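# Structure at a glance
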Amino acid sequence: MPTPMSSSICRQAFSLISHTLINFDLFMPKTKLREPQQDLLMKSTMDSIFKIAFGFELDCLGGSNQEAVEFAEALDTANEFTLLRYVHAFWRIMRFLGVGTEAALKKNLKVIDEFVYKVMDIRFNQIANAHQEKRDDILSKFLEEIKNQKTTMDTRYLRDIILSFVIAGKDTTAGSLAWFFYLICKDPSVQEKIHQEVKRVVLLETKECTDFVEFSRNINDESINNLHYLHASLTETLRLFPAVPLVSLSATISRNGTIFNENSFVRLQENKVCFSDDILPGGYNVSKGDIVFFQPYAMGRMEYLWGEDAQSFRPERWLDDEGIFQPESPFKFVAFQAGPRICLGREFAYRQMKTFAAVLLYFFQFKLSDEEKVVHYKTMATLRIDQGLYLQVSSRQRTSE
Ligand code: HEM
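Residues numbered from 1 in each chain as written. Predicted model: local features only at pLDDT ≥ 70, side-chain atom pairs only at ≥ 80, totals over all residues.

Looking at an unreviewed UniProt entry, the protein carries the name Cytochrome P450, with the source organism given as Zingiber officinale. For the protein, the Cofactor (unreviewed entry) comment in UniProt is given as "heme". (UniProt positions renumbered as here; feature names shortened; annotations may be inferred.)

Encoded structure:
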């Protein structure tokens, strides 16, 4: 049986496909592309995480809800402007005077707040109505607890928790999928192996499937778990292009205000700091208040850790002789952080990325629009492809006709 989460993610992938057909101009590949595919992925994962966090159909991809589109844009802009505080020495003065990026940040935070509170109100009313069926999204769980008076929670605090999930879960998976498509276009043999694996595992090689809905019925816990080569390919992508390329350490280190307040984004971007003097395993002293960073991007490419072919994209390094995925210690493969502050959304992220990739790679074949173009990353909190990713796509059903 498909799980509700798988069906929801499949729907996002279908939605992406319908936009793919429009944006990639599938049957006329020479026509000008209208929107980089990385942006489409961002919209899809936004819809997906909103459904999981709020139980709310956002439809950023379809664009049917103008308020949602404005919210998504405000979230991106606020994210970018908050990061500028690291480089603008005078950002506090700008905030005080209400000018420049700080003025824009304030405006965007207002859009975000208004939208989130509105969604929370809608959902709270739905839950207050006893006839509504039980829902599994994170917000519903919290609201149920509050309704049954098992817990008390400030609405602002609740907003912060939900928004943390949206921010943590949106750009990470979309960016990783973009890098994944880039890498499997660079190595079409990997793309073909994934297609064959999806055919074998999801459809059990019984027959070809031409219908998206029928295909999605076979996406369930078991089939997702058995996609070992796809899992290895996504993990290999994250080794080389970790969604969070720079992270602060968390072993004996606490977070200095993880929770949003009126400066929500500012808080999110604050670093964890040492809460006491300590000595790191390598012998380095750290003092209370110090910030210690590690770089998953650099660590994923170290020959010392990954061997001489550390720079190569080779999913096989994650598989045993039977083709079964072999995980590495999270202290070596650090893309999701390790220890007590390991990513809470890791399993969800894999499920989402595997569902997207399985659906798209079963039905379509992808190529880079410009094979010669060298891509670079964009310096942001999450690792994105600078100037987006442009792909050409052809239908596998059509080519096999
Ligand atoms: C490829 C996808 C993802 C990667 C590589 C990733 C990576 C990370 C990393 C490195 C951290 C630690 C950040 C830090 O300590 O400063 C983290 C934290 C977190 N992630 Fe993810 N993440 C991904 C997807 C997701 C998704 C989809 C969700 C939500 C559904 C999510 C929810 C969270 C949360 C709530 C935290 C904070 C955990 C805490 O501080 O205790 N992540 N993630």
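Taken together, 24 residues surround the ligand, and among them Ala168, Gly169, Thr172, Cys343 and Gly345 come closest. For the shell around the ligand, the secondary structure elements donating two or more residues are α7 (155-186), β1 (247-248) and α15 (346-363). Looking at the shell around the ligand element by element, the count peaks at 7 residues for α7. Residues that form the shell around the ligand fall into these classes: 14 nonpolar, 9 polar and 1 charged. (Near = placed C-beta within 6 Å. Helix = DSSP H or I, 4+ residues; strand = E, 2+ residues; numbered from the N terminus. Nonpolar A, V, L, I, M, F, W, Y, C, P; charged D, E, K, R; others polar.)

Under the UniProt annotation, the feature "binding site: heme" (unreviewed entry) is placed at Cys343. Mapped onto the fold, Cys343 is located in the loop between α14 (303-306) and α15. What Cys343 contacts, discounting residues up to four positions off in sequence, is Phe336 and Gln337. (Contact = placed C-beta atoms within 7 Å.)

Here helix α8 (residues 188-202) crosses helix α11 (residues 228-240) at 145°, and the two axes come no closer than 8 Å. Residues Val190, Lys193, Ile194 and Glu197 of α8 form the contact with α11, whose participating residues are Tyr229, Leu230 and Ser233. Here the residues of the contact of α8 with α11 are counted per class, giving 4 nonpolar, 1 polar and 2 charged. (Axes fitted to C-alpha atoms, helices over the stretch in contact; angles between N-to-C directions.)

The next subject is the packing of α8 against α15. Packing of α8 against α15 brings their axes to within 9 Å, and their N-to-C directions diverge by 105°. Our classification of the angle between α8 and α15 gives roughly perpendicular. Residue-level contacts link Gln191, Ile194, His195, Val198, Lys199 and Val202 of α8 to Ala357, Ala358, Leu361 and Tyr362 of α15. (Parallel < 35°, antiparallel > 145°, perpendicular 65-115°, else oblique.)

Another point: the environment of Phe81. In this fold, Phe81 is placed in helix α3 (residues 66-83). Put simply, Phe81 and Ala104 are 23 residues apart on the chain and 8.2 Å apart in space, counted from C-alpha to C-alpha. If sequence neighbours within four positions are ignored, Phe81 has contacts with Thr101, Ala104 and Leu105.

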